[in-house]
Every structure is written in structure tokens, then in C-alpha cells.
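Examining the three-dimensional arrangement
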Amino acid sequence: MNDELRDLYQEVIVEHGRHPRNFGRPDSYSHRIEGYNPLCGDQLILYMNIENDTIRDLKFDGRGCAISMASASLMTEALKGKPRDQALALFDDMHALLTTGASRQTADLGKLATLSGVSDFPSRIKCATLAWHAMKSALTGNQQLVTTETDAP
Ligand code: ZN
């Protein structure tokens, strides 16, 4: 494994991929959206409980590669308790980080910054953005299946 790969599969990603946080179907939720990345076969269902424009709770279910699972796991940790507008702002930061490796706020992203190595591997970018696209679609009123097929890196 070369240095680039070692960076990408940093301990936090491997660990979250194997033991995703907030995984499973919750008893109740206000929003449910399915995401699918046909390039890799990653599938996930994102459940969110949104009250007063704040994400009170969120969980995800599904299966996919370690990067898709780790990205979704890290996302659920980061978004719990976040107001809707902050979650959408974080989408923009993470989309920039995952597609270009740069973000205006990398210093503030904490564990999420470990996903930046994904940008060096164009074929894996859609794995990492899947959960984020699902979240944005749910927050902007789209309850349909999200596919990253048309998402240009
Ligand atoms: Zn994948």
C-alpha cells in the first residue's frame, strides 16, 4: 500500500467503515431518503428527525464500501443537533473537500477532514459524497431516491 492509500484509509475511516455509528433504522423519523451510487453499488437509507429546522437525530442503514459507510457514519456524528442551514453549509464544505481536497473550513471539520484523501481517487469520490447528497436532498424537500450518477467530480 502506497502513502496515498495509507492516508486515505486512515484509522478513523477503517474503523468507522467497520463499525459505523448511528447505524440502523430508528423507531421514528420525519425524513427518509434513499441514496444509490451505481458506480460502486453503495446503497444507503438516511433517516432524520427534524424539528424546528434542527436535526434532532439521524441514522442510516444500508451497505456499501468502507468509504461510503465511513462517510455516512462521520456525517451522522457531525450533524446531530445541527440547524438546517448549518447542515447545508457543511454540505458545501464537504463537497469541496471531497471533490478537490480543499475546503474553506478544513481546520474546523475535525474528524471529517480525514475524508480529504478521497479527492485523490476520482473513482471513490461518489462513495464519499453519497450520504451528503442524500442529506441535502432530504433537507431541501426531495424525498426521492438520490443517485450520484450525474454528480461530476
Ligand atoms: Zn463505494
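Check the entry above for the structure.
Cut-offs used in this document
Residues numbered from 1 in each chain as written. Predicted model: local features only at pLDDT ≥ 70, side-chain atom pairs only at ≥ 80, totals over all residues. Heavy atoms only, no water. Helix = DSSP H or I, 4+ residues; strand = E, 2+ residues; numbered from the N terminus. Expected span 1.5 Å × (residues − 1). Buried < 20%, exposed > 50% of the residue type's maximum accessible area, 1.4 Å probe, protein only. Contact = heavy atoms within 4.5 Å. Pairing = 2+ DSSP bridges. Salt bridge = Lys/Arg side-chain N within 4 Å of Asp/Glu carboxyl O. Polar contact = N/O pair within 3.5 Å; in protein donor to acceptor, adjacent residues only side chain to side chain. Donors = N, O, S within 2.8 Å, 3.2 Å for Na, K, Ca; no water. Core = buried A, V, L, I, M, F, W, Y, C linked by side-chain atoms within 4.5 Å.

Turning next to helix α4 (residues 84-100). What sets the pattern is the α-helix's 3.6 residues per turn: residues three or four places apart point alike. Given a rise of 1.5 Å per residue, 17 residues ought to cover 24 Å, and the 24 Å separating the end C-alpha atoms of α4 matches this to within 8%. Looking only at α4, the buried set comprises Ala 87, Leu 88, Leu 90, Phe 91, Asp 93, Met 94, Leu 97, Leu 98 and Thr 99. Lining the buried residues of α4 we find β3 (54-63), α3 (66-79) and α5 (122-139). In the segment just after α4, Gly 101 is the residue with positive phi, at about 85 degrees.

Okay, the sheet that holds strand β2 (residues 42-51) next. Reading across the sheet, the four strands line up as β3-β2-β1-β4 and stay open at both edges, with mixed pairing between neighbours. Across the chains shown, the open sheet's two edge strands, defined by having one partner strand only, are β3 and β4 (146-147). Relative to β4, strand β1 (residues 31-37) is paired through two bridges, and the arrangement is parallel. By the bridge assignment, Tyr 36 is partnered in β4 with Thr 147.

For the rest of this paragraph, the subject is the pattern of salt bridges. Within this structure, the stated rule accounts for five salt bridges. Among the salt bridges present, the one from Arg 32 reaches Glu 34, with a minimum N-O distance of 3.1 Å. Residue classification places Arg 32 among the partly exposed residues on the basis of a relative accessible area of 32%. Accessibility expressed as a relative area gives 32% for Glu 34, which makes it partly exposed. Residue Asp 57 pairs with Lys 80 through a salt bridge whose shortest N-O separation is 3.1 Å.

The subject of this paragraph is unusual backbone geometry. In most cases, non-glycine residues show a negative phi, while peptide bonds are predominantly trans. In the Ramachandran plot, Asn 22 falls in the positive-phi region, its phi being about 55 degrees despite a non-glycine side chain. Looking at where Asn 22 falls in the secondary structure, it is placed in the loop between α2 (11-18) and β1. Positioned with a positive phi, Asn 52 is a non-glycine residue whose angle comes to about 50 degrees. Note on placement: Asn 52 falls in the loop between β2 and β3.

Moving on to the side chain of Thr 114. Among the secondary structure elements, Thr 114 is positioned in the loop between α4 and α5. For Thr 114, the side chain forms a polar contact with the main-chain oxygen of Lys 111, separated by 2.6 Å. Not counting chain neighbours up to four residues away, the residues in contact with Thr 114 comprise Gln 10, Val 12, Ile 13 and Leu 74.

Before going further, it helps to examine the coordination of the zinc ion. Ligation of the zinc ion by protein atoms is provided by Cys 40 (SG), Asp 42 (OD), Asp 42 (OD), Cys 65 (SG) and Cys 127 (SG), these donors lying 2.2 to 2.6 Å from the ion. When the donor residues of the zinc ion are listed from N- to C-terminus, their spacing reads C-x1-D-x22-C-x61-C. Linking Cys 40 in the loop between β1 and β2 with Cys 127 in helix α5, this pair joins segments that are 87 residues apart in sequence. Residue classification places Cys 40 among the partly exposed positions, given a relative accessible area of 37%.

Turning our eyes to something else, we now look at the nonpolar core. Core analysis: the biggest nonpolar cluster contains 41 residues, and Leu 46, Met 48, Met 94, Trp 132 and Met 135 have the highest contact counts within it. The set of elements that each furnish at least two residues to this core consists of α2, β2, β3, α3, α4 and α5. It is α5 that provides the largest number of residues to this core, a total of ten residues. Not counting residues up to four positions away in its chain, the partners in contact with Met 94 are Leu 109, Leu 112, Leu 115 and Trp 132.

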